Amino acid sequence: MIASFPMYDRSQTRGHYADLWDGIRAAYDGPLPDHLTPGGDPWDHWTSPDLVLSQTCGLPFRARLAETATLVGTPDYALEGCPPGYYNSVAVMRGDDPRGVDPSLLRLAYNEGLSQSGWAAAVDHAGASFAGYLQTGAHIASAEAVAGGLADIAYIDAVTWRMITRWDDVANRLKVVARTLPTPGLPLITARGGPAEALAKAVAQAIAALSPAARDATGLQGLIQIPRGAYLAQPIPEPPK
């Protein structure tokens, strides 16, 4: 059985997500893995018939996973300007860059072409006519690419940006130049036909029981039931050329 929380995994949050999993196990009436599945390719987790629970992104869910996985619920991170369970992206540029958001003049750093926050949000906000593109593989790498002059702008998941501003020095060399409209947040999924309702109940109980330190580090506030159709209604942009 596979269980993972790969999307906001970093040294400052890893132990708290392990505690969250312990809470889910305690609240769930049935067998679950003793520990979270470490590392590996998240796609191997998301597409496995042995998937118990994992967190994915809205764009992978609607583009590839909606027919092979079952939606469990959407964690709420209490983001300013977003309804519960929703999130957005912040567009960041170098602090000394005087330009505005004119995509025809800017090279975009993006984590990957199947990222809602790093790619789809950028297309929705500014169009797909950036002057150039740099794929980085991770939001923090996109931030570092902009700060180092390898790119001019990046769109960063608002939860990730909150963590970057808290724990990474690169934030001091960047400025927020725009915020995108809210879209459904990063959903929790289980394998197709999995016990989504029972898992959702256990996740909600475990989040409610988090320690103040875990809540502070992860930002987790609750679990929201956003309809599957709200994810599928979002556009699927062409990948960057």
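Our subject is the structure listed above.
Overview of the structure. Predicted model, so just to flag it, every value in this text is computed and none were measured. (Residues numbered from 1 in each chain as written. Predicted model: local features only at pLDDT ≥ 70, side-chain atom pairs only at ≥ 80, totals over all residues. Heavy atoms only, no water.)

## A word on helix α7 (residues 196-208)
Okay, step 1: Its 13 residues place the ends of α7 18 Å apart at the C-alpha level, agreeing with the 18 Å of an ideal helix rising 1.5 Å per residue.
Okay, step 2: Those residues of α7 that sit buried are Ala196, Leu199, Ala200, Ala202, Val203, Ala206 and Ile207. One face of α7 carries all of its buried residues, which in axial projection span an arc of 165°. Residues Glu197, Lys201 and Ala208 are exposed on α7 and point more than 90 degrees away from its buried face. (Helix = DSSP H or I, 4+ residues; strand = E, 2+ residues; numbered from the N terminus. Expected span 1.5 Å × (residues − 1). Buried < 20%, exposed > 50% of the residue type's maximum accessible area, 1.4 Å probe, protein only. Arc of directions from axis to C-beta.)

## Quick word on the pattern of salt bridges
Okay, step 1: The tally for this structure, following the rule as stated, stands at nine salt bridges.
Okay, step 2: Note that arginine 228 is salt-bridged to glutamate 67, the shortest N-O span being 2.9 Å. Taken together, the residues span a long stretch of sequence, with arginine 228 in helix α9 (residues 228-232) and glutamate 67 in the loop between α3 (58-65) and β3 (69-76) at a distance of 161 residues.
Okay, step 3: Look at arginine 228 and you get partly exposed, because its relative accessible area is 35%. (Salt bridge = Lys/Arg side-chain N within 4 Å of Asp/Glu carboxyl O.)

Any functional reading would require information that these geometric values do not contain.
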